[in-house]
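Chain by chain, the residues:
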Amino acid sequence: MPQNQQLLYLFTGNSSPESNIVAWSLYDGVTGKPQKGCQEAGTEPPYESVLAAMHDGWRTIQVPVLEPARPGQEFDLDYLKFQFVLEKWETCDES
Amino acid sequence: MSPKKNLLTTKEMAQFANQGFLRFDELIPRDLCDRLSKDIDSGKIDGRAPAGTPFNEVWQGQPIREVFDHPRVCGIIESLVGPNPRYDHHYPHITQKGGKHQFIHADAEFDPRVGAFDIQFSFFPQDVTPDMGGTLFVPGSHFHRVHESQVGIYQNIVGMQQFSGKAGTILVWHTNLWHSGRRNDSDNTRYMFKLRLNPMVKQQLLWNTDDLHDADSLSPLKGHQPWHGQQHRVFLMNVARFWQYLSNDPSFDPEFWWSRIENEPKATAT
Ligand SMILES: [Fe+2]
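Residues numbered from 1 in each chain as written. Chains lettered and ligands numbered in written order. Predicted model: local features only at pLDDT ≥ 70, side-chain atom pairs only at ≥ 80, totals over all residues. Heavy atoms only, no water.

> In this structure, what is going on with the coordination of the iron ion? I would like to understand it.
Around a metal, the ideal angle is 109.5 degrees if four donors adopt a tetrahedral arrangement and 90 or 180 degrees if six donors adopt an octahedral arrangement. Residue and element names in this part refer to chain B. Within the protein, the iron ion binds to His105 (NE2), Asp107 (OD) and His179 (NE2); these donor distances fall in the range 2.1 to 2.2 Å. Along the chain, the residues donating to the iron ion fall in the pattern H-x1-D-x71-H. With Asp107 in the loop between β2 (86–95) and β3 (119–124) and His179 in strand β8 (residues 179–180), this pair connects stretches of sequence that are 72 residues apart. Both residues of the pair, Asp107 and His179, count as buried. (Donors = N, O, S within 2.8 Å, 3.2 Å for Na, K, Ca; no water. Helix = DSSP H or I, 4+ residues; strand = E, 2+ residues; numbered from the N terminus. Buried < 20%, exposed > 50% of the residue type's maximum accessible area, 1.4 Å probe, protein only.)

Here's what the structure looks like:
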(Lines give C-alpha, C1' and ligand atoms only; values in the text may rest on other atoms or scores of the structure.)
Protein backbone atom coordinates (compact mmCIF):
# COMPACT_ATOMS: atom_id res chain seq x y z
CA MET A 1 0.00 0.00 0.00
CA PRO A 2 1.42 3.43 -0.91
CA GLN A 3 1.95 5.96 1.82
CA ASN A 4 1.38 9.69 1.48
CA GLN A 5 2.83 12.50 3.56
CA GLN A 6 0.88 14.78 5.87
CA LEU A 7 2.55 17.99 6.98
CA LEU A 8 1.51 19.81 10.13
CA TYR A 9 2.91 23.28 10.76
CA LEU A 10 2.66 24.35 14.38
CA PHE A 11 3.56 27.90 15.41
CA THR A 12 4.21 28.24 19.11
CA GLY A 13 4.19 30.90 21.81
CA ASN A 14 7.92 30.48 22.46
CA SER A 15 10.76 28.24 21.28
CA SER A 16 9.81 25.27 23.47
CA PRO A 17 7.89 22.31 22.01
CA GLU A 18 5.92 22.42 25.25
CA SER A 19 4.62 25.96 24.67
CA ASN A 20 1.11 26.69 23.41
CA ILE A 21 0.01 26.71 19.77
CA VAL A 22 -0.67 30.18 18.34
CA ALA A 23 -1.23 29.17 14.71
CA TRP A 24 -1.27 26.03 12.60
CA SER A 25 -1.64 24.67 9.08
CA LEU A 26 -2.23 21.15 7.83
CA TYR A 27 -1.37 19.87 4.36
CA ASP A 28 -2.82 16.42 3.93
CA GLY A 29 -1.21 14.42 1.12
CA VAL A 30 -3.75 11.65 1.68
CA THR A 31 -6.86 13.66 0.80
CA GLY A 32 -5.04 16.29 -1.28
CA LYS A 33 -7.67 18.75 -0.02
CA PRO A 34 -7.62 21.64 2.43
CA GLN A 35 -8.08 20.57 6.05
CA LYS A 36 -11.50 20.88 7.64
CA GLY A 37 -11.67 24.19 9.48
CA CYS A 38 -9.03 25.79 7.26
CA GLN A 39 -9.28 29.58 7.69
CA GLU A 40 -12.35 29.21 9.90
CA ALA A 41 -12.32 31.55 12.85
CA GLY A 42 -13.01 29.90 16.18
CA THR A 43 -11.48 26.55 15.19
CA GLU A 44 -9.40 25.07 18.02
CA PRO A 45 -5.74 24.09 17.44
CA PRO A 46 -5.41 20.33 16.83
CA TYR A 47 -3.03 19.93 19.81
CA GLU A 48 -2.14 21.96 22.84
CA SER A 49 1.59 21.76 22.10
CA VAL A 50 4.14 20.27 19.72
CA LEU A 51 4.92 17.70 22.38
CA ALA A 52 1.25 16.60 22.46
CA ALA A 53 1.36 16.16 18.66
CA MET A 54 4.53 14.06 18.98
CA HIS A 55 2.76 11.95 21.57
CA ASP A 56 0.07 11.36 18.95
CA GLY A 57 2.60 10.00 16.48
CA TRP A 58 3.71 13.11 14.57
CA ARG A 59 7.45 13.24 13.77
CA THR A 60 9.12 16.63 14.09
CA ILE A 61 11.18 17.43 10.99
CA GLN A 62 11.93 21.12 11.57
CA VAL A 63 12.47 23.10 14.75
CA PRO A 64 12.78 26.89 15.08
CA VAL A 65 16.28 28.34 15.20
CA LEU A 66 16.89 31.20 17.60
CA GLU A 67 18.39 34.29 16.04
CA PRO A 68 19.47 37.44 17.85
CA ALA A 69 17.57 40.61 17.02
CA ARG A 70 19.53 42.85 14.67
CA PRO A 71 20.63 46.05 16.41
CA GLY A 72 17.93 48.68 15.97
CA GLN A 73 15.31 46.09 15.04
CA GLU A 74 14.66 44.63 18.48
CA PHE A 75 11.06 45.86 18.50
CA ASP A 76 10.15 45.19 14.90
CA LEU A 77 7.46 42.57 14.32
CA ASP A 78 7.03 40.49 11.21
CA TYR A 79 6.46 36.74 10.80
CA LEU A 80 5.49 34.25 13.49
CA LYS A 81 8.76 33.48 15.20
CA PHE A 82 8.56 29.82 16.23
CA GLN A 83 7.69 27.35 13.49
CA PHE A 84 7.75 23.59 13.97
CA VAL A 85 7.06 21.28 11.04
CA LEU A 86 5.84 17.75 11.73
CA GLU A 87 5.00 14.87 9.45
CA LYS A 88 3.09 11.63 9.34
CA TRP A 89 2.98 9.03 6.60
CA GLU A 90 -0.43 7.53 6.11
CA THR A 91 -1.58 4.67 3.97
CA CYS A 92 -3.92 5.72 1.21
CA ASP A 93 -6.07 3.76 -1.20
CA GLU A 94 -4.41 2.75 -4.44
CA SER A 95 -7.47 3.67 -6.47
CA MET B 1 -15.60 69.64 9.37
CA SER B 2 -17.72 66.89 10.86
CA PRO B 3 -19.64 67.67 14.05
CA LYS B 4 -18.02 66.12 17.13
CA LYS B 5 -20.80 63.60 17.56
CA ASN B 6 -19.85 61.93 14.28
CA LEU B 7 -16.13 61.70 15.02
CA LEU B 8 -14.57 58.68 16.70
CA THR B 9 -14.18 58.80 20.46
CA THR B 10 -10.80 58.33 22.12
CA LYS B 11 -11.91 54.86 23.16
CA GLU B 12 -12.76 53.90 19.59
CA MET B 13 -9.47 55.37 18.40
CA ALA B 14 -7.58 53.41 21.07
CA GLN B 15 -9.32 50.25 19.90
CA PHE B 16 -8.27 50.99 16.34
CA ALA B 17 -4.68 51.60 17.49
CA ASN B 18 -4.61 48.29 19.33
CA GLN B 19 -6.60 45.92 17.11
CA GLY B 20 -6.09 47.63 13.75
CA PHE B 21 -9.76 47.86 12.79
CA LEU B 22 -13.21 49.08 13.81
CA ARG B 23 -16.61 47.69 12.93
CA PHE B 24 -19.87 49.61 12.53
CA ASP B 25 -22.93 47.42 12.12
CA GLU B 26 -25.82 48.40 9.83
CA LEU B 27 -24.57 51.94 9.44
CA ILE B 28 -25.82 52.46 5.88
CA PRO B 29 -29.59 52.32 5.22
CA ARG B 30 -30.79 49.27 3.34
CA ASP B 31 -32.32 51.14 0.40
CA LEU B 32 -28.97 52.77 -0.34
CA CYS B 33 -27.29 49.35 0.02
CA ASP B 34 -29.72 47.94 -2.55
CA ARG B 35 -29.05 50.76 -5.01
CA LEU B 36 -25.32 50.24 -4.59
CA SER B 37 -25.61 46.47 -5.11
CA LYS B 38 -27.34 47.16 -8.44
CA ASP B 39 -24.44 49.40 -9.45
CA ILE B 40 -21.95 46.69 -8.46
CA ASP B 41 -23.89 44.05 -10.42
CA SER B 42 -24.04 46.19 -13.53
CA GLY B 43 -20.32 47.00 -13.34
CA LYS B 44 -21.20 50.68 -13.13
CA ILE B 45 -18.66 51.43 -10.42
CA ASP B 46 -15.80 49.32 -11.74
CA GLY B 47 -13.99 52.29 -13.27
CA ARG B 48 -11.36 53.85 -11.04
CA ALA B 49 -10.43 57.48 -10.73
CA PRO B 50 -6.69 58.11 -11.03
CA ALA B 51 -4.87 57.29 -7.78
CA GLY B 52 -4.19 60.54 -5.96
CA THR B 53 -7.47 62.23 -6.89
CA PRO B 54 -8.92 64.26 -4.00
CA PHE B 55 -11.45 61.86 -2.48
CA ASN B 56 -14.28 64.39 -2.47
CA GLU B 57 -14.12 64.56 -6.28
CA VAL B 58 -14.76 60.89 -7.04
CA TRP B 59 -18.11 59.21 -7.82
CA GLN B 60 -20.14 62.44 -8.01
CA GLY B 61 -23.88 61.75 -8.29
CA GLN B 62 -23.58 57.98 -7.65
CA PRO B 63 -25.02 55.88 -4.79
CA ILE B 64 -21.47 54.96 -3.67
CA ARG B 65 -20.84 58.68 -3.08
CA GLU B 66 -23.88 58.75 -0.77
CA VAL B 67 -22.37 55.90 1.27
CA PHE B 68 -19.15 57.81 1.87
CA ASP B 69 -21.01 61.10 2.35
CA HIS B 70 -22.99 59.52 5.22
CA PRO B 71 -22.30 61.88 8.16
CA ARG B 72 -20.95 59.13 10.42
CA VAL B 73 -18.73 57.72 7.66
CA CYS B 74 -17.37 61.25 7.08
CA GLY B 75 -16.64 61.46 10.80
CA ILE B 76 -14.83 58.12 10.74
CA ILE B 77 -12.73 59.16 7.75
CA GLU B 78 -11.90 62.52 9.27
CA SER B 79 -10.90 60.93 12.60
CA LEU B 80 -8.49 58.50 10.97
CA VAL B 81 -7.01 60.27 7.95
CA GLY B 82 -8.15 63.86 8.42
CA PRO B 83 -10.03 66.23 6.14
CA ASN B 84 -9.70 65.96 2.36
CA PRO B 85 -7.91 62.63 2.09
CA ARG B 86 -6.58 61.29 -1.18
CA TYR B 87 -8.36 58.52 -3.10
CA ASP B 88 -6.05 55.54 -3.64
CA HIS B 89 -8.24 52.90 -5.28
CA HIS B 90 -11.47 50.98 -4.87
CA TYR B 91 -12.66 47.55 -5.88
CA PRO B 92 -16.10 45.95 -5.79
CA HIS B 93 -15.48 42.30 -4.85
CA ILE B 94 -18.11 39.85 -6.09
CA THR B 95 -17.64 36.27 -4.87
CA GLN B 96 -19.78 33.47 -6.27
CA LYS B 97 -20.25 30.05 -4.74
CA GLY B 98 -17.20 27.80 -4.68
CA GLY B 99 -13.64 28.73 -5.46
CA LYS B 100 -10.82 28.86 -2.96
CA HIS B 101 -9.84 30.88 0.06
CA GLN B 102 -7.37 33.65 -0.65
CA PHE B 103 -4.09 33.16 1.17
CA ILE B 104 -3.81 35.27 4.30
CA HIS B 105 -1.97 38.43 3.27
CA ALA B 106 -1.33 42.09 3.91
CA ASP B 107 -2.30 44.28 0.96
CA ALA B 108 0.11 45.83 -1.49
CA GLU B 109 3.72 46.29 -0.46
CA PHE B 110 5.76 46.56 2.71
CA ASP B 111 4.63 49.75 4.43
CA PRO B 112 7.37 50.79 6.87
CA ARG B 113 5.71 53.97 8.11
CA VAL B 114 5.65 54.14 11.92
CA GLY B 115 3.03 56.84 12.49
CA ALA B 116 1.24 57.66 9.24
CA PHE B 117 -1.02 55.02 7.78
CA ASP B 118 -3.64 54.46 5.09
CA ILE B 119 -7.10 53.14 5.80
CA GLN B 120 -9.16 50.63 3.96
CA PHE B 121 -12.92 50.34 4.08
CA SER B 122 -14.74 47.05 3.66
CA PHE B 123 -18.38 47.85 3.06
CA PHE B 124 -20.94 45.04 2.89
CA PRO B 125 -24.08 46.16 1.00
CA GLN B 126 -25.84 42.82 1.61
CA ASP B 127 -26.20 40.43 4.54
CA VAL B 128 -23.24 38.07 4.92
CA THR B 129 -23.98 34.76 6.64
CA PRO B 130 -21.12 32.61 8.02
CA ASP B 131 -21.39 30.11 5.13
CA MET B 132 -20.92 32.98 2.66
CA GLY B 133 -17.34 33.14 3.91
CA GLY B 134 -16.93 36.84 4.71
CA THR B 135 -13.52 38.47 5.02
CA LEU B 136 -11.12 36.88 7.50
CA PHE B 137 -8.95 39.27 9.47
CA VAL B 138 -6.28 38.92 12.13
CA PRO B 139 -6.72 41.46 14.95
CA GLY B 140 -3.50 43.04 16.18
CA SER B 141 -1.49 42.20 13.03
CA HIS B 142 -1.01 45.77 11.77
CA PHE B 143 2.48 46.16 13.29
CA HIS B 144 3.68 42.87 11.84
CA ARG B 145 5.22 44.08 8.63
CA VAL B 146 5.05 41.35 6.07
CA HIS B 147 5.20 41.17 2.35
CA GLU B 148 1.78 40.41 0.88
CA SER B 149 1.05 36.65 0.78
CA GLN B 150 4.42 35.55 2.18
CA VAL B 151 2.29 34.72 5.22
CA GLY B 152 0.18 32.38 3.07
CA ILE B 153 1.55 29.43 5.07
CA TYR B 154 -0.64 30.46 8.04
CA GLN B 155 -4.04 28.82 7.67
CA ASN B 156 -5.36 29.27 11.17
CA ILE B 157 -4.27 31.87 13.69
CA VAL B 158 -5.68 31.80 17.21
CA GLY B 159 -7.90 34.88 17.64
CA MET B 160 -8.57 35.52 13.95
CA GLN B 161 -12.09 36.68 13.12
CA GLN B 162 -14.28 36.38 10.08
CA PHE B 163 -16.91 38.84 9.06
CA SER B 164 -20.56 37.98 9.03
CA GLY B 165 -23.26 40.55 9.60
CA LYS B 166 -26.08 42.64 8.25
CA ALA B 167 -26.23 44.74 5.12
CA GLY B 168 -24.88 48.25 5.61
CA THR B 169 -22.04 47.18 7.91
CA ILE B 170 -18.68 48.85 7.52
CA LEU B 171 -15.24 47.73 8.65
CA VAL B 172 -12.41 50.21 8.57
CA TRP B 173 -8.86 48.93 8.84
CA HIS B 174 -5.26 49.96 9.10
CA THR B 175 -3.97 48.82 5.70
CA ASN B 176 -1.23 46.66 7.27
CA LEU B 177 -3.81 44.33 8.83
CA TRP B 178 -3.57 40.67 7.73
CA HIS B 179 -6.72 39.36 6.06
CA SER B 180 -8.10 37.10 3.35
CA GLY B 181 -11.22 36.70 1.27
CA ARG B 182 -12.76 33.33 2.01
CA ARG B 183 -14.41 30.72 -0.16
CA ASN B 184 -18.17 31.17 -0.49
CA ASP B 185 -19.92 27.91 0.47
CA SER B 186 -23.45 29.27 0.05
CA ASP B 187 -25.69 29.72 -2.98
CA ASN B 188 -25.72 33.49 -2.47
CA THR B 189 -23.35 35.93 -4.09
CA ARG B 190 -21.14 37.83 -1.64
CA TYR B 191 -20.49 41.55 -2.15
CA MET B 192 -17.77 43.58 -0.53
CA PHE B 193 -16.84 47.07 -1.60
CA LYS B 194 -13.26 48.05 -0.82
CA LEU B 195 -11.83 51.57 -0.70
CA ARG B 196 -8.33 52.73 0.23
CA LEU B 197 -7.64 56.30 1.30
CA ASN B 198 -4.37 58.16 1.98
CA PRO B 199 -4.00 60.91 4.60
CA MET B 200 -2.90 64.40 3.55
CA VAL B 201 -2.29 65.72 7.08
CA LYS B 202 -0.53 64.46 10.20
CA GLN B 203 -2.85 61.87 11.75
CA GLN B 204 -2.76 63.43 15.18
CA LEU B 205 -5.67 64.28 17.47
CA LEU B 206 -8.12 64.27 14.57
CA TRP B 207 -10.89 62.50 16.51
CA ASN B 208 -13.18 63.83 19.26
CA THR B 209 -10.60 64.23 22.01
CA ASP B 210 -12.99 65.36 24.75
CA ASP B 211 -12.29 62.10 26.61
CA LEU B 212 -8.54 61.98 25.91
CA HIS B 213 -7.47 61.94 29.55
CA ASP B 214 -10.15 59.58 30.76
CA ALA B 215 -8.45 56.34 31.93
CA ASP B 216 -11.27 54.16 30.62
CA SER B 217 -10.87 55.64 27.14
CA LEU B 218 -7.32 54.40 26.95
CA SER B 219 -8.08 50.91 28.31
CA PRO B 220 -8.20 49.28 24.82
CA LEU B 221 -4.50 50.10 24.41
CA LYS B 222 -3.62 47.39 26.95
CA GLY B 223 -5.05 44.44 25.03
CA HIS B 224 -3.08 41.86 23.10
CA GLN B 225 -3.96 38.79 21.08
CA PRO B 226 -3.52 35.12 21.95
CA TRP B 227 -1.41 34.59 18.83
CA HIS B 228 1.16 37.19 19.94
CA GLY B 229 2.63 34.58 22.33
CA GLN B 230 5.90 35.53 23.97
CA GLN B 231 6.11 38.65 21.74
CA HIS B 232 3.05 40.33 23.26
CA ARG B 233 5.15 42.91 25.09
CA VAL B 234 6.88 43.92 21.87
CA PHE B 235 3.40 44.35 20.44
CA LEU B 236 2.37 46.59 23.36
CA MET B 237 5.50 48.68 22.83
CA ASN B 238 4.45 49.14 19.22
CA VAL B 239 0.97 50.17 20.37
CA ALA B 240 2.51 52.72 22.76
CA ARG B 241 4.73 54.12 20.00
CA PHE B 242 1.72 54.39 17.66
CA TRP B 243 -0.30 56.19 20.35
CA GLN B 244 2.60 58.57 20.97
CA TYR B 245 2.21 59.60 17.35
CA LEU B 246 -1.60 59.66 17.23
CA SER B 247 -1.91 61.68 20.44
CA ASN B 248 1.19 63.80 19.67
CA ASP B 249 2.52 62.92 23.10
CA PRO B 250 6.07 61.47 22.92
CA SER B 251 6.00 60.87 26.67
CA PHE B 252 3.06 58.42 26.48
CA ASP B 253 4.39 55.18 28.00
CA PRO B 254 1.94 53.85 30.60
CA GLU B 255 3.75 50.55 31.17
CA PHE B 256 7.19 52.19 31.33
CA TRP B 257 8.57 49.86 28.61
CA TRP B 258 10.23 52.58 26.56
CA SER B 259 11.18 54.80 29.50
CA ARG B 260 13.12 51.98 31.11
CA ILE B 261 15.27 51.06 28.12
CA GLU B 262 15.81 54.62 26.94
CA ASN B 263 17.27 55.55 30.33
CA GLU B 264 20.96 56.25 29.73
CA PRO B 265 21.82 58.85 32.37
CA LYS B 266 24.31 61.53 31.37
CA ALA B 267 24.85 62.87 34.86
CA THR B 268 28.01 61.93 36.72
CA ALA B 269 27.65 60.96 40.36
CA THR B 270 28.97 63.55 42.73
FE1 LIG C 1 -6.36 41.97 0.36
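> Sorry if this is basic, but what is going on with the interface of chain A and chain B here?
Reports of interface size often rely on the accessible area that becomes lost once the parts have come together. Tallying the contact residues gives 27 residues for chain A and 38 residues for chain B. Where chain A abuts chain B, roughly 2,700 Å² becomes buried across the two surfaces, and 56% of that area is made up of carbon and sulfur atoms. Contact with chain B buries surface across chain A, with A:Gln39, A:Phe75 and A:Leu77 losing the most and accounting together for 34% of the total. If you look at where chain A meets chain B, you find zero salt bridges. In this assembly, chain A and chain B are joined by 20 residue pairs in polar contact (both at pLDDT 80 or more). Per element, the largest residue contribution to the side of chain A that touches chain B is seven residues, and it comes from strand β2 (residues 21–28) of chain A. Of the residues contributing to the side of chain A that touches chain B, the split by class is 16 nonpolar, seven polar and four charged. (Contact = heavy atoms within 4.5 Å. Buried area = accessible area lost by both parts, 1.4 Å probe. Salt bridge = Lys/Arg side-chain N within 4 Å of Asp/Glu carboxyl O. Polar contact = N/O pair within 3.5 Å; in protein donor to acceptor, adjacent residues only side chain to side chain. Nonpolar A, V, L, I, M, F, W, Y, C, P; charged D, E, K, R; others polar.)

> What is the right way to read the side chain of B:His174 from this model?
Residues and elements named next belong to chain B. In this structure, His174 sits in strand β7 (residues 169–174). By relative accessible area, His174 is classed as buried at 6%. Residue contacts for His174: discarding those within four places in its chain leaves Phe16, Gly20, Phe117, Asp118, His142 and Phe242.

> For this particular structure, what's the right way to read the sheet that holds strand β4 (residues 136–137) of chain B?
Residues and elements named next belong to chain B. In spatial order, the strands read β6-β4-β8; together these three strands make up an open sheet with antiparallel pairing. The sheet terminates laterally at β6 (161–162) and β8, the two strands that pair on one side only. Pairing analysis gives two bridges linking β4 to β6, with the strands arranged antiparallel. Note on β6: the bridge partner recorded for Leu136 is Gln162. (Pairing = 2+ DSSP bridges.)

> Is there a simple way to explain the pairing of β7(B) in this structure?
Two faces, one strand: in a regular strand the side chains alternate between the faces of the sheet. Residue and element names in this part refer to chain B. Counted residue by residue, β7 has six buried out of six residues, so it is predominantly covered. Residue alternation in β7 divides its side chains into two sets, Thr169, Leu171 and Trp173 and Ile170, Val172 and His174, and both sets are buried. Pairing of β3 with β7 involves six bridges; the strand directions are antiparallel. When the bridges of β7 are listed, Phe121 appears paired with Val172.

> What exactly am I supposed to notice about unusual backbone geometry here?
One can expect most non-glycine residues to show negative phi and most peptide bonds to be in trans. All names here are of chain B. Positive phi, close to 50°, is recorded for Asn84, a residue that is not glycine. On the basis of relative accessible area, Asn84 is assigned to the exposed category, the value being 55%. For Leu205, which is not glycine, the phi torsion reads 55° and is therefore positive.

> In this structure, what is going on with the environment of B:Phe235? I would like to understand it.
Among the structural elements, B:Phe235 can be located in helix α6 (residues 232–246). Through-space distance from the C-alpha of B:Phe235 to that of B:Lys100 is 31 Å; in sequence the pair is 135 residues apart. In this structure B:Phe235 touches A:Leu77, B:Asn18, B:Gly140, B:His142, B:Phe143, B:Gly223, B:His224 and B:His228, once residues within four positions along its chain are discounted.

> Looking at this structure, I do not really get the packing of aromatic side chains. What am I missing?
Two measures describe an aromatic ring pair: the distance that separates the ring centres and the angle between the ring planes. Under the definition given, this model contains 22 aromatic pairs over all chains. Ring geometry for A:Phe11 and B:Tyr154: centres 4.8 Å apart, planes at 90°, overall edge-to-face. Placement of the pair is A:Phe11 in strand β1 (residues 3–12) and B:Tyr154 in the loop between β4 and β5 (156–157), with the two residues belonging to separate chains. Comparing A:Phe11 with B:Tyr154, the two get one shared label, buried. Centroid distance B:Tyr154 to B:Trp178: 5.8 Å. Interplanar angle 15°. Geometry classified as stacked. On the criterion of sequence distance, the pair formed by B:Tyr154 in the loop between β4 and β5 and B:Trp178 in the loop between β7 and β8 is long-range, its members being 24 residues apart. Looking at B:Tyr154, the relative accessible area reads 3%, which means it is buried. With relative accessibility at 0%, the residue B:Trp178 sits in the buried group. (Phe/Tyr/Trp six-rings, centres within 6.5 Å; stacked < 30°, edge-to-face > 60°.)

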